[in-house]
Amino acid sequence: MADTKKLYIKTYGCQMNVYDSERMAEAMGGAGYETTDSPDDADMILLNTCHIREKAAEKVYSELGRFKGLKAEKPDLKIGVAGCVAQAEGEEIMRRQPLVDLVVGPQAYHRLPEMEAKTQEGVKALDTDFPEEDKFEKLKGRPKAKRGPTAFLTVQEGCDKFCAFCVVPYTRGAEVSRPVDRILSEARDLVDRGVREVTLLGQNVNAYHGASTGGDSWSLAQLIWQLDKVDGLERIRFTTSHPNDMMDDLIEAHGTCSKLMPYLHLPVQSGSNKILKRMNRSHDRDSYLRLVERIRAARPDILLSGDFIVGFPEETEADFHDTMDLIEEVKYGQAFSFKYSSRPGTPAAERPLVDDGEATERLYRLQALITKQQREIQDSMVGREVSVLFEKPGRLEGQMVGKSEYLHAVHVSGSDAQIGDLKRVRIVESGTNSLAGVPILD
Ligand code: 5AD
Ligand code: SF4
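Asker: Would you mind showing me how to read the layout of surface pockets here?
Answerer: Empty space left among the atoms is revealed by rolling a probe the size of a water molecule over them. Its volume calculated, the second largest pocket comes out at about 600 Å³. What lines the second largest pocket is a set of 23 residues, among which Arg53, Lys55, Lys339, Tyr340 and Ser341 lie closest to the centre. Taken together, the residues of the lining of the second largest pocket break down into 10 nonpolar, 6 polar and 7 charged. Among the domains, domain 1 (5-127) and domain 2 (135-379) are the pair contributing at least three residues each to the lining of the second largest pocket.

Below, the structure is given as structure tokens:
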């Protein structure tokens, strides 16, 4: 029997890439590979890349350069690039970095084993197709390992929104939803392997409209209600949502579905109507604020998280002030903020840039406000009772760490909790990035 080969995967970017890396590891498992945490042991290195901002793409080239020595020592080592940079710049990568043996786009990775076989014959392989076949179906039936208590589950991919700054509609393609029965069977399989919480993933997850077995198209809320019936599955989350696709049934589910966690990532990007219009966001500041009000009416304790871009072309100090003002009004429990990064091929790339120093300064101001809000919300948890899904042992003896329903990390000492247990905990302290709690005895 041939020796097992080792695969090292490095994942950049969003949670969908984390999910895709797991699927690629499973696909390569069928081709005799097991994963390793060290590139030095690897027979194949795969970078699963992100193209969303310029820095993310540049990192890939510098990382590839670092493998030069390794490849010189080990000429049989195969180096592959997957993900969104592969999709957008596949041929350029092959030209610019001769070390690369294989380039695979996010829609073609079920073909990885065949591509790897080609590279073993000394032939370079590139596949950035959007094939007809369903990659998820092609990946079924691979050996299944035991899993931790939380998992991602892709339900929808791609985006038709075309925000003026964003490459996703080009790299991930048009919106496609997976059929309900396939998602349900994947969820049941995850539960059998130890998973108790799933995060449903999609670039535009709340635009989900998958085919049900009856043939009609189901909303994300309908899918969530079906997942609610899966025994052993205790928690459901979803990300990322667009404000325009927050339908009534989904808002209502936040108030009525006990497995749906009180946390919602709802990016607004900017608080200025002028900028929102130029971003082609198709919602304005007021419609977003009204939406937040309706969501909070359905689930008053929901923790909101957001994404912000500062320094979008032609953003003035007054526009930025509108964003800060919106943040003051909403109060976010978590947020991701970015300096605008011009992406070739997107409409915003044609517009005049804001001075870089100015944009950096705005980013710092915005992050300071978000950190303050995050901190206040985290501190307000002290004294409250939460449920914690335990994920791993803590650094201290006898300590366990898990996540609350609001996605706060919680350290608990003196609990008999095992990994995968859900237990009631009282929060006693708020630290820099996490909470401390004590067990509540039933
Ligand atoms: N520049 C800066 N941030 C961006 N994002 C997407 N495209 C860009 C860009 N060109 C941010 C948005 C999005 C998040 C995933 O990344 O805030 O919601
Ligand atoms: Fe990009 Fe906008 Fe689609 Fe989000 S909604 S993936 S920001 S185009």
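Asker: Whenever I open this one, the packing of helix 1 (residues 15-29) against helix 5 (residues 112-120) confuses me. Can you help?
Answerer: Two numbers describe a pair of packed helices, the interaxial angle and the distance between the axes. In the contact formed by helix 1 and helix 5, the axes pass within 9 Å of each other and the chain directions differ by 60°. Judged on the interaxial angle alone, helix 5 and helix 1 are oblique. Taken as a pair, helix 1 and helix 5 cross one another with a handedness that is right-handed. Note on element contacts: helix 5 touches helix 1 through Leu112, Pro113 and Glu116, opposite Met24, Ala27 and Met28. Among the residues making up the contact of helix 1 with helix 5, the classes are represented as 5 nonpolar, no polar and 1 charged.

Asker: Teacher, can you tell me more about the site of ligand 1 here?
Answerer: In the neighbourhood of ligand 1, the contacting residues comprise Ile52, Arg53, Phe165, Gln269, Asp307, Ile309, Phe338, Lys339, Tyr340, Ser341 and Arg343. In this structure, Arg53 approaches ligand 1 through a side-chain N or O atom, which is 2.9 Å from an oxygen atom. Gln269 is positioned such that a nitrogen or oxygen atom in its side chain is 2.6 Å from an oxygen atom of ligand 1. Notes on ligand 1: free accessible area 400 Å², of which the protein chains cover 87%. Looking at the shell around ligand 1, the elements that each hand over two or more residues are strand 15 (303-310) and strand 16 (334-339).

Asker: Please explain the sheet that holds strand 7 (residues 150-154) as it appears in this structure.
Answerer: Remark on secondary structure: sheet strands pair via backbone hydrogen bonds, oriented parallel or antiparallel. One open sheet holds the 3 strands; their spatial order is 7-10-13, and the pairing between them is parallel. The strands lining the two open edges of the sheet, one partner per strand, are strand 7 and strand 13 (235-239). Each neighbouring strand pair of the sheet contributes to a mean axis angle of 25°, computed without reference to strand direction. In the sheet, strand 7 pairs with strand 10 (residues 197-201) via 5 bridges, with the strands oriented parallel. Bridge assignment links Thr154 to a residue of strand 10, and that residue is Leu201. Those strands touched by helix 1 are strand 7, strand 10 and strand 13, and its axis lies near 95° from that of strand 7. Here helix 9 (residues 220-228) sits on the sheet in contact with strand 10 and strand 13, set at roughly 155° to strand 13.

Asker: In this structure, what is going on with unusual backbone geometry? I would like to understand it.
Answerer: A negative phi angle is the norm for most residues apart from glycine, just as the trans form is the norm for most peptide bonds. Here Thr239 and Thr240 are connected by a cis peptide whose omega angle stands at 0°. Relative to the elements of secondary structure, Thr240 occurs in the loop between strand 13 and helix 10 (248-256). With a phi close to 55°, Ser282 is a non-glycine residue in the positive phi region. As for its position among the elements, Ser282 is in the loop between helix 11 (273-278) and helix 12 (285-298). Residues other than glycine seldom take positive phi values, yet Glu314 does so here, at roughly 70°. Among the secondary structure elements, Glu314 is positioned in the loop between strand 15 and helix 13 (317-330).

What counts, and at which threshold
All residue numbers refer to position in the chain's written sequence, counted from 1. Chains and ligands are labelled by the order in which they are written, letters from A for the one and numbers from 1 for the other. Only residues with pLDDT of at least 70 get local features here, since the model is predicted, and only at 80 or more are side-chain atom pairs given and counted; chain-wide, interface and lining totals rely on the full set of residues. Each side-chain value is worked out from all heavy atoms of the structure, with water and hydrogens disregarded. Grid points spaced at 1 Å over the protein atoms alone were grouped into cavities, where a 1.4 Å probe fits but cannot get out, and pockets, open sets with protein on both sides within 12 Å along at least five of seven lines, with lining residues defined by an atom within 4 Å of a point. Grid points are joined across faces, edges and corners, and a volume is the space filled by probe spheres set on the points. Each residue is assigned to one class: nonpolar for Ala, Val, Leu, Ile, Met, Phe, Trp, Tyr, Cys and Pro, charged for Asp, Glu, Lys and Arg, and polar for all the others, Gly among them. Note: domain ranges come from an automatic or database domain assignment. Here an axis means a line fitted to C-alpha atoms, over the contact stretch when the element is a helix, while the angle between two N-to-C directions is reported on a 0 to 180 degree scale. Each helix is a run of DSSP H or I of at least 4 residues and each strand a run of E of at least 2, with the numbering of both proceeding from the N terminus. In this scheme, roughly parallel covers angles under 35 degrees and roughly antiparallel covers those over 145, while 65 to 115 is roughly perpendicular and the rest are oblique. Take the far helix as your reference; a near helix turned counterclockwise from it by less than a right angle gives a left-handed crossing, and one turned clockwise gives a right-handed crossing. By definition in these notes, contact holds between two residues if any of their heavy atoms fall within 4.5 Å. For each residue, the test is whether any non-hydrogen atom lies within 4 Å of the molecule or strand; if one does, the residue is near. Between N or O atoms, a polar contact is any pair within 3.5 Å; within protein, one atom must be a potential hydrogen donor and the other a potential acceptor, and residues adjacent in sequence are included only when both atoms are from side chains. In these tables, accessible area is a Shrake-Rupley quantity obtained with a 1.4 Å probe, and a residue counts as shielded only by the protein chains included in the view. The pairing criterion for strands is at least two bridges between them, as found by DSSP.

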